[in-house]
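Listed below, chain by chain, are the residues.
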Amino acid sequence: QVRLVESGGGLVQPGGSLRLSCAASGSILSFNRMDWYRQAPGKERVLVAGFSSTGIINYAIFVKGRFTISRDNAKNTMYLQMNSLKPEDTAVYYCNANYGRSNLEYWGQGTQVTVSS
């Protein structure tokens, strides 16, 4: 069983920054993938950024150049640095891990990010 705990969300003005954290209960190097998703009110959950098992990073086009994903393997924690935030970035941000030969999916509880003046 993998437990993921997100933190770092909050209210920020347009143009501001936040850093989200996702702490995992096990070694993040054992995951097939580890990703950030977000879900805005009334919309589907979408991929924001993530790591493959080999460390390859991908970003959604709508965050490229503004968000940076990183990880600290020793702390089993993944981060999402979000800069130049826009109102349309408002959403609940979720951490996801894909684990094992059966590609089991694990989700955190989410952290709310609100961008508003």
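All values reported here derive from a predicted model rather than from experimental measurement.

S.K.: Just to check I follow, could you spell out the overall build of the chain for this structure?
M.R.: Within the chain one finds zero helices and eleven strands. When the helices and strands of the chain are placed in sequence order, the string is β-β-β-β-β-β-β-β-β-β-β. Viewed in the frame of its principal axes, the chain has a C-alpha envelope of about 45 × 25 × 25 Å. Counting the 117 residues in the chain, one finds 42% classified as buried. Relative to all contacts within the chain whose residues are 6 or more apart in sequence, the contacts with residues 24 or more apart total 52%. Of the roughly 6300 Å² that the chain leaves accessible, carbon and sulfur atoms contribute 49%. The positive charge centre, built from 12 side chains, and the negative charge centre, built from 7, are 4 Å apart in the chain.

S.K.: It is not clear to me how the sheet that holds strand E1 (residues 4–7) should be interpreted in this structure. Could you clarify?
M.R.: Strand pairing in a sheet relies on backbone hydrogen bonds. The paired strands run either parallel or antiparallel. Spatially, the four strands line up as an open sheet ordered E1-E3-E8-E7, and their pairing is antiparallel. Strands at the two margins of the open sheet, each flanked by one partner only, are E1 and strand E7 (67–72). Strand-to-strand twist in this sheet, taken as the mean axis angle between neighbours without regard to direction, amounts to 15°. Pairing of E7 with strand E8 (residues 77–82), which is carried by six bridges, proceeds in the antiparallel orientation. By the bridge assignment for E8, Arg71 is matched with Met78.

Procedures and definitions
Residue numbers here run from 1 along each chain, matching the order of that chain's written sequence. With the structure being a predicted model, the display of local features is reserved for residues of pLDDT at least 70 and the display and counting of side-chain atom pairs for 80 or more, all residues being used for whole-chain, interface and lining totals. Hydrogens and waters are ignored; side-chain quantities use all the structure's heavy atoms. Strands here mean DSSP runs of E at least two residues long; helices mean DSSP runs of H or I at least four residues long; both are numbered from the N terminus. Categorising residues by exposure relies on relative accessible area from a 1.4 Å probe, with only protein chains included: less than 20% of the type maximum marks a residue as buried, more than 50% marks it as exposed, and the intermediate range marks it as partly exposed. Contacts: residue pairs with any heavy atoms within 4.5 Å of one another. Using the Shrake-Rupley algorithm and a 1.4 Å probe, accessible areas are obtained, with residue cover drawn only from the displayed protein chains. For the charge count, each Lys or Arg is scored as positive and each Asp or Glu as negative, with His and the chain ends excluded. The location of each charge is read from NZ of Lys, CZ of Arg, CG of Asp or CD of Glu. A pair of strands is considered paired only if DSSP assigns at least 2 bridges between the two. With axes taken as lines fitted to C-alpha atoms, and helix axes fitted only over the stretch in contact, angles between N-to-C directions fall between 0 and 180 degrees.

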